[in-house]
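Survey of secondary and tertiary structure
Single-letter residue listing:
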Amino acid sequence: MNERFSASGLMNPFFPDEVTFGDKGVTFTVKKLFRSTDNFVFYSDISGVEIENSMFFATIRVIPRMRPEIIINNFSKGDAKRVKELILQQVQS
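Just so you know, these numbers come straight off a predicted model, no measurement behind them.

Structural notes on the sheet that holds strand S3 (residues 25–31)
Read from one edge to the other, the open sheet built from 4 strands follows the order S1-S2-S3-S4, with strand pairing classed as antiparallel. The open sheet has two edge strands with one neighbour each: strand S1 (4–6) and strand S4 (36–42). Here the strands of the sheet are splayed against their neighbours by 15° on average, with no regard to which way each runs. One ladder, built from 3 bridges, connects S1 with strand S2 (residues 18–21); its direction is antiparallel. The partner of Phe5 across the bridge, within S2, is Val19. Lying on the sheet, helix H1 (residues 77–92) is in contact with S1, S2 and S3; it crosses S1 at an angle near 150°.

This is the structure we're talking about:
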């Protein structure tokens, strides 16, 4: 599975956060003005996924085992829901 989701360009048009699905795990890219952070997590290391909805956008919180949670912002509600579904499908199988 090789799917990629990007955060909305309305809130941060130059540096949107990204979620990229691979065969063994998922990569979360959090971009800032002068730096970016890539966090790769194996599917087996994910213990939970939470979505926090606001009026227009959603925040995805991924809770890996033995690591701090990963927070990615400004996704459309539909994309956030799809990301959660894909992660949970991979975690369960």
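Focus: the sheet that holds strand S6 (residues 57–64)
Read from one edge of the open sheet, 3 strands run S5-S6-S7, paired in antiparallel fashion. The open sheet is flanked by strand S5 (46–53) and strand S7 (70–76), the only strands paired with a single partner. The sheet shows a mean angle of 20° between the axes of neighbouring strands, taken without regard to direction. This element, H1, spans S5, S6 and S7 of the sheet and lies at about 165° to S5.

About the criteria used
Residues numbered from 1 in each chain as written. Predicted model: local features only at pLDDT ≥ 70, side-chain atom pairs only at ≥ 80, totals over all residues. Heavy atoms only, no water. Pairing = 2+ DSSP bridges. Helix = DSSP H or I, 4+ residues; strand = E, 2+ residues; numbered from the N terminus. Axes fitted to C-alpha atoms, helices over the stretch in contact; angles between N-to-C directions. Contact = heavy atoms within 4.5 Å.

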